Amino acid sequence: MSRIQKISGRIRRLTEAPKSSAWFIFAVTAVTLCIMTEYEQIKELVAPGLSKWQSHIVTILFSALVAAISTVAAQRRYWALHGQYERISSNAPGMVYRFTLHQDGTPEFEFVSEGCQGLYEMSPDEVRGDAMRIINLIHPEDRPSFDQTVGESARTLDLWKWEGRFCLPSGVERWIQGVSRPERRSDGATVWDGVLVDITDRKAAQIGLQRAHEELELRIEARTCELVETRDFLRSVIDAAPSMIFIKDDADRFVMVNQAFADFFGVSSEDMTSLNQVDPGGERERSADFDAPGAYVLQDQRAKFVAEEQIRDRAGAPRWFQTEQRPLIHADGTCSQILGVSTEVTERKRSEAEIWRLNDELELNLAEMHAAYDATIEAWAGFLDLRDKETEGHSRRVTEMTLRLAIKFGLSNDELVQIRRGALLHDIGKMGVPDAILLKPGALDAQEWEIMRRHTAYAHDLLETISFLAPAMDIPYCHHERWDGGGYPRGLAETDIPFAARLFAVVDVWDALGSDRPYRPAWTPERVAEHIRAGSGTHFDPQVVTAFLEMIAPEEEIQYALAA
């Protein structure tokens, strides 16, 4: 039995006790009857030897004394129990009550505890005076259920259990719960003894949980719809992709393929997922490159990229693909599936082959064109030598020696090509010098030297218009510059002078002084070498001079002098 039911039973018995006067009459009557029943025994006890009337008077007085003592004792016990029950009902949570529904349907609260004040903002007297004061506070939406449950409980005497909202006078809305079992009195009234408790906080939490649950269900439903839409969207994207996309399991079965994959093999995507990797004819002759990465990817859980693999389509025609396979790793770290993407590169392969063929043709044409350019340059150099008989063979000799010196400094092949062309064309600007000055047997005067020095500018103007020969311009334009800045045409000094021009300047002086001229005989190799050594740091780059003198061995100097 619950605590609330025990309290309600005690209160019910207490409220059924008679008033003090009724209790007093009851006690006196009971004692009197008791005494009269045992009259002879009492007479012998309290009035032995008295007359009949004397004994009657004494017996009545004695009975009254006993009845008074019994009544006082009963009243004390009653008020003690009453105070105890009052304390219990006051300390009980909520409002302890006794609610009576009379046979004519009239409601009445025969007893309410002090908790009524905190629960309904009413005093117990106000509630006992008019039970409808509380009933009328029930929320209009909950009143029908209250009336229905009370009527049903009164009819069947089943447990009454109800909860609903009360709209208090202060405007506060409060949830109240009541549970009690009814009893039928002899007068036909139905009585409920119980406790009404405030469940507002619990109900708010319950409503909050319900709303959260409903919101969660809505979110789950929305998320499910979103996932379905996302799945359908991703599927449409995958099917729209031109590359072949597939998922295979560790048993080499296709779990998923896109439309491009199915179309390539001429099988529907549904049928393809029930097959292993097969060729269009259904045979088990598969491309080794296509399957090789599978075991590697599953075992090592690392991606594998195959740059080129040949796969036959449904018509049996070979086509080229590049394939990347990646492991699909589960949350527990295991891997039982791989994702593959194969992109066709057949057209790229054909284009690459065509490009290689065209490149070979282009390289051949470029080689022929370069050969034609070089032949033209050599022809120009030969023409210059023919024009100046005294310098015949000069261009060939200085070109070969400059190349040897450049190789000693470790120049690249492309740089050597430009040095060769520049050395052959170093005097191309002399085409603009009049024959009277170029072929004059004697020394040139100042004005003639001024014209002669213009041949470097003529070379620059000529070669600048030919993009193919522009990189070779350093030697024709700058080979008369000096290390100390005293040269021409721009007066450049030290490392501002192009390196190719610094190399050629030493070789040009070596060949010019070692060759006969109309105005002087050729110098000996020793004298020329001493002259070059003396010009180190003034006319020539000291580093170039050192390398050049190391390159010219004595026996080579003799051979060079004889050839000149």
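Attention in this report is confined to the structure presented alongside it. Counting restarts for each chain: residues are numbered from 1 in the order of the written sequence. Restriction of local features to residues with pLDDT of at least 70 applies here, the model being predicted, together with a cutoff of 80 or more for giving and counting side-chain atom pairs; totals for whole chains, interfaces and linings are based on all residues. To get the side-chain values, all heavy atoms of the structure are used, and hydrogens and water are removed first.

Across the junction of tyrosine 488 and proline 489, the peptide omega takes the value 15 degrees, indicating a cis bond. Helix and strand labels come from DSSP, where a helix needs a run of H or I of at least four residues and a strand needs a run of E of at least two; each type is numbered from the N terminus. Here proline 489 shows up in the loop between helix 19 (474-478) and helix 20 (499-513). Residue leucine 157 is not a glycine yet carries a positive backbone phi of 60 degrees. Take leucine 157: it is sitting in the loop between helix 8 (143-156) and strand 3 (160-167). Partly exposed describes any residue whose relative accessible area lies between the buried limit of under 20% and the exposed limit of over 50%, with all areas from a 1.4 Å probe on protein chains only and scaled to the type maximum. Taking relative accessible area as the criterion, leucine 157 reaches 30% and is therefore assigned partly exposed.

We now examine the pattern of salt bridges. Definition used for salt bridges: Asp or Glu carboxyl oxygen within 4 Å of a side-chain nitrogen of Lys or Arg. With the rule as written, the count across this model stands at 30 salt bridges. Put simply, aspartate 193 and arginine 98 hold a salt bridge, and the shortest N to O gap is 3.1 Å. Taken together, the residues aspartate 193 in strand 6 (residues 190-198) and arginine 98 in strand 1 (residues 95-101) connect sequence positions 95 residues apart. With respect to class, aspartate 193 is no different from arginine 98; both count as buried. Residues arginine 165 and glutamate 141 are paired through a salt bridge, measuring 2.9 Å at the closest nitrogen-oxygen approach. In this pair, arginine 165 sits in strand 3 while glutamate 141 sits in the loop between helix 7 (132-135) and helix 8, placing the two residues 24 residues apart along the sequence. A relative accessible area of 15% places arginine 165 in the buried class. Salt bridges sharing partners connect three or more residues here, namely Arg98, Glu110, Arg185, Asp187 and Asp193.

For strand 9 (residues 304-312) and strand 10 (residues 318-329), the ladder comprises seven bridges, and the chain directions are antiparallel. Paired with valine 306 across the two strands is threonine 323, which belongs to strand 10. Two strands are said to pair when DSSP picks up at least two bridges between them. Turn length for the strand 9-strand 10 hairpin, with the two strands adjacent in sequence and antiparallel, is five residues, and the turn residue glycine 316 shows positive phi of about 85 degrees. The pairing of strand 10 with strand 11 (residues 335-344) spans nine bridges and is classified as antiparallel. Within strand 11, the residue paired with threonine 323 across the bridge is serine 342. The antiparallel pairing of strand 10 with strand 11 creates a hairpin that spans five residues between the two strands, and glycine 333 there sits at a positive phi of about 90 degrees.

Before going further, it helps to spend a moment on the nonpolar core. Put simply, a nonpolar core is a bunch of buried Ala, Val, Leu, Ile, Met, Phe, Trp, Tyr and Cys residues held in one set by side-chain atoms that sit within 4.5 Å of each other. Counting residues in hydrophobic clusters, the biggest one holds 29 residues, and the most contacted among them are Leu405, Ile419, Trp510, Ile532 and Phe548. No other element matches helix 20, which puts nine residues into this core. Here, residues are in contact when the closest pair of their heavy atoms is within 4.5 Å. For phenylalanine 548, the residues in contact, after removing those within four places along its chain, are Met401, Leu405, Val506, Val507, Trp510 and Ile532. Formed by 26 residues, the second largest nonpolar core is a distinct cluster that contains Cys116, Leu137, Val150 and Leu168.

The next thing to look at is empty space enclosed by the protein. Both cavities and pockets are sets of points on a 1 Å grid over the protein atoms alone; in a cavity a 1.4 Å probe fits but cannot get out, in a pocket the set is open with protein on both sides within 12 Å along at least five of seven lines, and lining residues sit with an atom within 4 Å of a point. Grid points are joined across faces, edges and corners, and a volume is the space filled by probe spheres set on the points. Scanning the entire structure with this criterion turns up four cavities of 30 Å³ or more. By volume, the largest cavity amounts to about 180 Å³. Phe99, Phe109, Phe146, Trp160 and Leu196 are, among the 16 residues lining the largest cavity, the residues nearest its centre. Secondary-structure elements contributing two or more residues to the lining of the largest cavity are strand 1, helix 7, helix 8, strand 3, strand 4 (173-180) and strand 6. Of all the elements, strand 3 adds the most residues to the lining of the largest cavity, at three residues. In this classification, the charged set is Asp, Glu, Lys and Arg, the nonpolar set is Ala, Val, Leu, Ile, Met, Phe, Trp, Tyr, Cys and Pro, and all remaining amino acids, among them Gly, are polar. Here the residues of the lining of the largest cavity sort into 15 nonpolar, one polar and no charged.

Read from one edge of the open sheet, five strands run 8-7-11-10-9, paired in antiparallel fashion. Across the chains shown, the open sheet's two edge strands, defined by having one partner strand only, are strand 8 (254-257) and strand 9. Taking the axes of each pair of neighbouring strands and ignoring which way they run, one obtains an average angle of 25 degrees across the sheet. Orientation is described by lines fitted to C-alpha atoms, with helices fitted over the stretch in contact, and by angles between N-to-C directions that extend from 0 to 180 degrees.

This paragraph deals with a nonpolar patch on the surface. Residues Phe233, Leu234 and Val237 make up a contiguous nonpolar surface patch of about 290 Å² in total accessible area. The residue valine 237 is located in helix 9 (residues 200-240) in this model. Under the relative-accessibility criterion, valine 237 is labelled partly exposed at 42%. Like charges are joined within 9 Å and nonpolar side chains (Val, Leu, Ile, Met, Phe, Trp, Tyr) within 5 Å, but only among residues with over 30% relative accessible area and no salt bridge; these make up the patches. Accessible surface is estimated by sampling points in the Shrake-Rupley manner with a 1.4 Å probe; for residues, cover comes only from the protein chains shown.

Direction vectors running N to C along helix 14 (residues 394-408) and helix 22 (residues 542-551) enclose 110 degrees, while the axes themselves pass 10 Å from each other. By the criterion of interaxial angle, the relationship of helix 14 to helix 22 is roughly perpendicular. As for how helix 14 packs across helix 22, the hand of that crossing is right-handed. Two secondary-structure elements touch here, helix 14 through Met401, Arg404, Leu405 and Lys408 and helix 22 through Val544, Ala547, Phe548, Glu550 and Met551. The residue makeup of the contact of helix 14 with helix 22, split by class, is six nonpolar, no polar and three charged. Geometric relationships in this document are graded by angle, where less than 35 degrees denotes roughly parallel, more than 145 denotes roughly antiparallel, 65 to 115 denotes roughly perpendicular, and other angles denote oblique. It is the rotation of the near helix from the far one that decides the hand of a crossing: anticlockwise by less than a right angle makes it left-handed, clockwise makes it right-handed.

Before going further, it helps to spend a moment on the packing of aromatic side chains. Side-chain rings of Phe, Tyr and Trp, where Trp is taken by its six-membered ring, are said to pair if the distance between their centres is within 6.5 Å; with planes under 30 degrees apart they count as stacked, over 60 as edge-to-face, and otherwise as tilted. Across all of its chains, the model carries 16 aromatic pairs by this definition. Here phenylalanine 146 and tryptophan 162 contribute two aromatic rings whose centre-to-centre distance is 5.1 Å and whose plane-to-plane angle is 70 degrees, an arrangement assigned as edge-to-face. With phenylalanine 146 in helix 8 and tryptophan 162 in strand 3, the pair connects residues that are 16 residues apart, well separated along the chain. Using a relative accessible area of 6% as the deciding quantity, one classes tryptophan 162 as buried. Ring plane angle 20 degrees and centroid distance 6.4 Å describe the contact between tryptophan 160 and tryptophan 162, whose orientation is recorded as stacked. Linked through ring pairs, Phe246, Phe254, Phe261, Phe264, Phe265 and Phe321 together constitute an aromatic cluster. Just above the ring of tryptophan 320 sits the side chain of lysine 349; from NZ or CZ to the centre is 4.6 Å. In this analysis the charged atom, NZ for Lys or CZ for Arg, is taken to sit over a ring once it is within 6 Å of the ring centre and within 35 degrees of the ring normal. The lysine or arginine in question, arginine 527, covers the ring of tryptophan 523, its NZ or CZ lying 3.7 Å from the ring centre.

Turning next to helix 21 (residues 525-534). Those residues of helix 21 that fall on the buried side of the exposure criterion are Pro525, Val528, Ala529 and Ile532. Buried residues along helix 21 cover an arc of 100 degrees about the axis, so they all sit on one side. Set apart from the buried face of helix 21 by more than 90 degrees, the exposed residues are Glu526 and Ala534. It is the directions from the helix axis to the C-beta atoms whose arc is reported.

Treat this as a map of the structure, not an account of what it does.
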